[in-house]
Structures are given as structure tokens and as C-alpha cells.
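Spelled out from the first residue to the last, the chains are:
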Amino acid sequence: MTTIALLASLLPIGYAAWYLILCAVSPWGRCRRCHGRRSHRTAIGTRRDCPRCDGTGIRVRIGRRIADYIRTEYRAGNQ
């Protein structure tokens with residue numbers, strides 16, 4: 001019984017560590033609105049650059065934004 005509880009408590013920690021490594025290695029992800037295609041269809045059927053990613057098809061991952069914010073605050077506090 002304690003083995004199951006231990007594994008259940010280590011699972012979120014392992015997932016968080018994996019996500020932090022992923023954000024450090026690959027900080028860019030596909031845009032959620034255009035799914036990396038760089039454009040989307042409008043209501044009348046024409047194609048237009050995605051306004052969310054400005055037509056690049058990529059976005060910065062949330063974990064990378066959090067890591068950059070923490071790093072910036074840490075450096076500002078040590079000056």
C-alpha cells in the first residue's frame with residue numbers, strides 16, 4: 001500500500017521535471033490557434049496569417065516563460 005502511495009506522489013514530481021527539461025531543450029511549441037500551419041481560414045474562407053503567432057507558427061512554452069520570469073527576478077534581486 002505504501003509503494004502505491006509513494007509512486008502516486010512521485011508521478012507529479014517526475015512530470016514536472018520532464019516538462020522543465022523539455023522547456024530548457026525546446027522552448028518553442030506549435031501555435032495553439034493555427035497548429036503550426038502559420039495561417040488560418042477566416043469566416044468567409046480566405047487564408048490569413050495567424051494573429052496569435054504573427055504567422056510564424058510557433059510560440060514560447062508556458063514553462064519557459066515562467067523560468068525566464070524567475071531568472072529575471074532572481075538576477076534583479078542580486079544586483
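Residues numbered from 1 in each chain as written. Predicted model: local features only at pLDDT ≥ 70, side-chain atom pairs only at ≥ 80, totals over all residues. Heavy atoms only, no water.

S.K.: Can you break down the pattern of salt bridges residue by residue, with the values?
M.R.: The final tally for this structure, using the stated rule, is two salt bridges. For D68, the salt bridge is made with R64, and the minimal N-O distance between the two is 3.5 Å. Of this pair, D68 and R64 are both found in helix α2 (residues 62-77), four residues apart, which corresponds to roughly one turn of the helix. D68 sits in the partly exposed class, given a relative accessible area of 27%. Classification of R64 by relative accessible area gives partly exposed; the value is 23%. For D68, the salt bridge is made with R71, and the minimal N-O distance between the two is 2.8 Å. Taken together, the residues span about one helical turn, with D68 and R71 both in helix α2 at a distance of three residues. For R71, a relative accessible area of 35% puts it in the partly exposed group. In this structure, a network of salt bridges that share partners links the residues R64, D68 and R71. (Salt bridge = Lys/Arg side-chain N within 4 Å of Asp/Glu carboxyl O. Helix = DSSP H or I, 4+ residues; strand = E, 2+ residues; numbered from the N terminus. Buried < 20%, exposed > 50% of the residue type's maximum accessible area, 1.4 Å probe, protein only.)

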